[in-house]
Amino acid sequence: MDSKELTRNADFKSEIFTGDEYCSNPVIQSFVSIGSKITLTFNTDGIQPVRSSPKSLWPILCTINELPYDFVDKFILLSSLWHCESKPGSDSFMKPFIDEMRHLYESGVEWHDKHGNKQVTKVLALICICDSPARCVLCEMTQFNGEFGCTFCLHPTETARKEFAKADVRVYPFISPIPPTRTHATTLTAANASTENDRIDGLIGLSRLFLLTQFDIIKGMVPDSMHAAWLGVSKQFITLFLESTGKPFYMGSQADIAAMDNTLLGVQPINEMLRTPRSLKFRSFFKATEYRNVSLFYSVVLFKDRLPLPNLKHWLLFVNAMRLLFKKKIKPSHIELARALIVNFIIGVQDFYGSAHVSYNVHLLFHMVDYVKMWGAPWRSSAFLFEHVGGVMAKRFHGSTHVNKQIFSSFFAANALKRFAINHIPNASAEIQQLYEELDCNVLPRHGIPSETIGKGHVHNNTHNLKFERG
Ligand SMILES: [Zn+2]
């Protein structure tokens, strides 16, 4: 029995193949259980490689769901790449990817094993990860700041006035009964009957994703924890606490910031956390990992005795829910407790701060829980896995002509080198192995022990080789 079988049968959620959808959906099970098959997660997000240029890169990147977390970002596939001044239209942008995936599902990809025997592996795309604006575009739905803007449920939304911004915002207060969840079938029906000017349930029209073989446009679009939890809720409330002058929960005075910085900058993180804390003065430049680290690991100490106790207890509902969902192995009881904490957190946002602060990201926390049941832990289906690729891509072209071609050539060359290394480096002398390890630690077996809580980066004995911190 391989590791996939072991975790698939385990009573916890972790890798994608421990999720209820992967284990119990008859379409997925009939696909993966016979012959050589793999399933994919795909991601897209805009990257601006050169600040002085308005042009951006829009790659479609894929990871293999059957690979364990420790290896998954070592085998990221570049499917297609859009390089333009404006955002690509979803229809033309997705067409080559969807055509290729349909072919790979029907006919598969041919390859030769180490004995020279021809093998055919068929491929199915199951999951898409992107931020909320991109998800709305790909699904041909109203943006999240519009009526019926949630791509997961039929929350009608409300408008509320933000005190400091003095502008109306679209909000998602907790309502009972809970709004019905969208399904693939109901979304297809509504999309068929919708137009740009006559929208049904927030749908604008038919998404090209309906042509992606066996892809469920609702279950397959995972709410991304990097954007929703860390760059969303975490950033929203840390900013609120530090910038709401005059409010009882305000703790952004010079004295407070200095005292919190004194604690924060004195932290010596364990080597799994690649980023050392930065001053809260630089919070507007914080990366998702910094918001995550402050929230999960430092905020209890920093906020204690500064936030009024009711506000602190309310903030800890979010922190504790995330700590449960970001465990390496999430038990059913963890999921249900996290759900209860999140519901109370959302209701508390209205009570403590007003409905104008029940943002879409706050609402997404509610959906995140269901997707942990469906597809495993949020750290396994997160944009963190793809975050470093933008930086790598930016280094893989020179000048401004044939950028796409340069990047693809570079990716193919790197993959060819990796294939060569996988075959030969493990048999090389210790000296050569060490040299290769220093140049590229992607091939040799890991020696590290996984953490109990995922989200602290790679665990590796040779800490100087750690390249990227991720979720
Ligand atoms: Zn919703």
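Below, the structure is looked at part by part.

Cut-offs applied
- Residues numbered from 1 in each chain as written.
- Predicted model: local features only at pLDDT ≥ 70, side-chain atom pairs only at ≥ 80, totals over all residues.
- Helix = DSSP H or I, 4+ residues; strand = E, 2+ residues; numbered from the N terminus.
- Buried ≥ 20, exposed ≤ 12 C-beta atoms within 10 Å, placed from the backbone.
- Contact = placed C-beta atoms within 7 Å.
- Pairing = 2+ DSSP bridges.
- Bend = angle between axes of the 7 residues up to and from the residue.

Attention now moves to the overall build of the protein. In terms of regular secondary structure, the protein is built from 16 helices and eight strands. A burial count over the protein gives 36% of its 471 residues as buried. The long-range share in the protein, meaning contacts at least 24 apart out of those at least 6 apart in sequence, stands at 62%.

Now for the environment of Ser-14. Residue placement: Ser-14 occurs in the loop between helix 1 (3–8) and helix 2 (20–24). The class for Ser-14 is buried, based on 21 C-beta atoms found within 10 Å. Between the alpha carbons of Ser-14 and Lys-331 there is a distance of 9.2 Å; along the sequence they are 317 residues apart.

Two elements, strand 4 (residues 109–112) and strand 5 (residues 118–130), share four bridges in a ladder whose sense is antiparallel. Bridge pairing in strand 5 places Val-109 opposite Thr-121. Linking strand 4 back to strand 5 in an antiparallel pair, the connection comprises five residues, with Gly-116 at a positive phi of about 85°.

So, about helix 8 (residues 225–243). Maximum bend of helix 8: about 30°, positioned at Lys-235. In terms of burial, helix 8 is largely enclosed, as 14 of its 19 residues are buried.

So, on to the environment of Thr-276. Here Thr-276 lies in the loop between helix 9 (254–264) and helix 10 (288–303). Residue class for Thr-276 comes out exposed when judged on the 12 C-beta atoms lying within 10 Å of it.

Let us look at the pairing of strand 1 (residues 37–44). Along strand 1, six of the eight residues are buried, which leaves the element largely enclosed by surrounding structure. Bridge count for strand 1 against strand 5 is seven bridges, and the pairing is parallel. Of the residues in strand 5, the one forming a bridge with Leu-40 is Ala-125.

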